[in-house]
Amino acid sequence: MTRSLTVGLVAMLLALAGCAATGEYPMGGGQCGPNDPVQKLDVKDCVVPGS
C-alpha cells in the first residue's frame, strides 16, 4: 500500500510541476528574469552539509 501511495504522490508532483507556466518559478510562481539572483549561482555555492 505504501509503495503505490508513494508512486502516486510522485506522479502527481511531476504532473503539477509540468503544468508550470513558462517564465515563472513552479513553486513560488514568481517571474523569471535576467536580474534573478539565482543566475549568479555557481557550483561552489552549493555545499553538502556534513562534508
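About the criteria used
Residues numbered from 1 in each chain as written. Predicted model: local features only at pLDDT ≥ 70, side-chain atom pairs only at ≥ 80, totals over all residues. Heavy atoms only, no water. Helix = DSSP H or I, 4+ residues; strand = E, 2+ residues; numbered from the N terminus. Buried < 20%, exposed > 50% of the residue type's maximum accessible area, 1.4 Å probe, protein only. Areas by Shrake-Rupley, 256 points an atom, 1.4 Å probe, with all protein chains shown as cover. Patch = residues over 30% accessible without salt bridge, like charges linked within 9 Å, V, L, I, M, F, W, Y side chains within 5 Å. Salt bridge = Lys/Arg side-chain N within 4 Å of Asp/Glu carboxyl O. Contact = heavy atoms within 4.5 Å.

Peer 1: Could you clarify how one ought to interpret the overall build of the protein in this entry?
Peer 2: A count of helical and extended segments in the protein gives one helix and zero strands. Across the 51 residues of the protein, 2% fall into the buried class. Total accessible area computed for the protein in this model is approximately 4,900 Å², and 67% of it derives from carbon and sulfur atoms.

Peer 1: What should I look at first to understand a nonpolar patch on the surface in this one?
Peer 2: Where nonpolar side chains cluster on the molecular surface, the patch consists of L5, L9 and M12 and spans about 310 Å² of accessible area. Within the element layout of this structure, L5 appears in helix α1 (residues 2–18). L5 sits in the exposed class, given a relative accessible area of 52%.

Peer 1: What am I meant to see in the pattern of salt bridges here?
Peer 2: If the charged atoms of two oppositely charged side chains come close together, the side chains can form a pair. Taken as a whole and judged by the stated rule, the model has one salt bridge. In this structure, D42 engages K44 in a salt bridge whose closest nitrogen and oxygen atoms are separated by 3.8 Å. A residue is classified by how much of its surface remains accessible, and K44, at 69% relative accessible area, is exposed.

Peer 1: Explain the environment of Q39 here, please?
Peer 2: In this structure, Q39 sits in the segment after α1. Judged by its relative accessible area of 53%, Q39 is exposed. Leaving out residues up to four positions away in the same chain, Q39 has contacts with G33 and P34.

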